[in-house]
Amino acid sequence: FLMQPITGWEQTDVECAETHASVTFRRNYGTLAAFYEQAGELMPGVFVQERNESEILVRAKLPELITQSSMEEKDAGTVVREINTIFQQIDSPVDTNIAVDIIGDGANSVSLNVVEVAASSKLTPPEFMKVFNDLRGVYMSRSAWDARSKTWSYEVIIYAK
């Protein structure tokens, strides 16, 4: 929705977080008036912030998805080993970290083991997520596109035993 071409403006980066997506446009030769005219037609209802006369941030709320709980049946150390193996097979660097996520409030809180995964790739988000097809409890918390390097950056969380 936000990856629309605007005449005279170049997309420099795009980010999808949990609730919003945003894109930064940098002016090549376009005008602010032309930007608003085209963006209004192509991306109705977005929030637009002029950072300066040559850079604009556009943000849109993401639709709420139906969530379901799932958890990988393997322990966090085994999941890290599997993730490292997968990325070694595709010859791509990956950063992993084992952490504890506390869900809930006070006496009703639950501590869950999570594996945090950070990686960069030329793969699009749907293609990248196929890397995790054999795992359960996988949740992409962030993806970002860098137009200069034509690379995606991803952050993924895997809930482990």
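Residues numbered from 1 in each chain as written. Predicted model: local features only at pLDDT ≥ 70, side-chain atom pairs only at ≥ 80, totals over all residues. Heavy atoms only, no water.

Colleague: I tried to follow the overall build of the chain on my own but got confused; where do I start?
Modeller: Secondary structure summary: the chain contains three helices and eight strands in total. Tracing the chain from N to C terminus, the helices and strands come up as β-β-α-β-β-α-β-β-α-β-β. By principal-axis analysis of the C-alpha atoms, the chain measures approximately 55 × 40 × 25 Å. Of all 161 residues assigned to the chain, the portion counted as buried reaches 35%. Taking as baseline every contact in the chain between residues at least 6 positions apart, the subset at least 24 positions apart corresponds to 54%. Summing over all exposed atoms, the chain offers an accessible surface of approximately 10,000 Å²; the carbon and sulfur share of this is 51%. If the 14 positive side-chain charges of the chain are averaged to one point and the 23 negative ones to another, these points end up 3 Å apart. (Helix = DSSP H or I, 4+ residues; strand = E, 2+ residues; numbered from the N terminus. Buried < 20%, exposed > 50% of the residue type's maximum accessible area, 1.4 Å probe, protein only. Contact = heavy atoms within 4.5 Å. Areas by Shrake-Rupley, 256 points an atom, 1.4 Å probe, with all protein chains shown as cover. Lys, Arg positive; Asp, Glu negative; His and termini not counted. Charge placed at Lys NZ, Arg CZ, Asp CG, Glu CD.)

Colleague: Help me understand the packing of aromatic side chains, please; the structure alone is not making it clear to me.
Modeller: One pass over the structure, following the stated rule, counts nine aromatic pairs. When the centroid spacing of 6.0 Å and the interplanar angle of 90 degrees are considered together, the rings of Phe35 and Tyr36 count as edge-to-face. The class of Tyr36 is partly exposed, set by a relative accessible area of 35%. Judged by centre distance (4.0 Å) and plane angle (10 degrees), the rings of Phe128 and Tyr154 are stacked. Residue Phe128 is located in helix α3 (residues 125-129), and its partner Tyr154 is located in strand β8 (residues 151-160); the two are separated by 26 residues in the primary sequence. Judged by relative accessible area, which is 1%, Tyr154 ranks as buried. (Phe/Tyr/Trp six-rings, centres within 6.5 Å; stacked < 30°, edge-to-face > 60°.)

Colleague: Would you mind showing me how to read the pattern of salt bridges here?
Modeller: Applying the stated criterion to the full structure yields eight salt bridges. The salt bridge involving Lys74 is made with Glu82; its shortest N-O contact spans 3.3 Å. Residue classification places Lys74 among the partly exposed residues on the basis of a relative accessible area of 26%. Linking Asp146 and Arg148 is a salt bridge whose minimum nitrogen-to-oxygen distance equals 3.5 Å. What makes Arg148 exposed here is its relative accessible area of 57%. Several salt bridges converge on common partners, so that one network encompasses Glu15, Arg142 and Glu155. (Salt bridge = Lys/Arg side-chain N within 4 Å of Asp/Glu carboxyl O.)

Colleague: Which parts of the structure should I look at to understand the sheet that holds strand β2 (residues 20-27)?
Modeller: Across a sheet, paired strands are connected by hydrogen bonds in the backbone, their directions being either parallel or antiparallel. Pairing within the open sheet is antiparallel, and its eight strands lie in the order β3-β4-β2-β1-β7-β8-β6-β5. A strand with exactly one partner marks an edge of an open sheet, and here the two such strands are β3 (47-52) and β5 (95-103). Ignoring strand direction, the axes of neighbouring strands in this sheet form an average angle of 20 degrees. Direction of pairing for β3 relative to strand β4 (residues 55-61): antiparallel, over a ladder of five bridges. The residue bridging Val48 from the neighbouring strand is Val58, located in β4. Helix-sheet contacts for helix α1 (residues 32-42) involve β1 (9-16), β2, β3 and β4, and the interaxial angle to β3 is about 160 degrees. Packing of helix α2 (residues 76-89) onto the sheet brings it into contact with β5, β6 (110-121) and β8, and relative to β5 it is tilted by some 145 degrees. (Pairing = 2+ DSSP bridges. Axes fitted to C-alpha atoms, helices over the stretch in contact; angles between N-to-C directions.)

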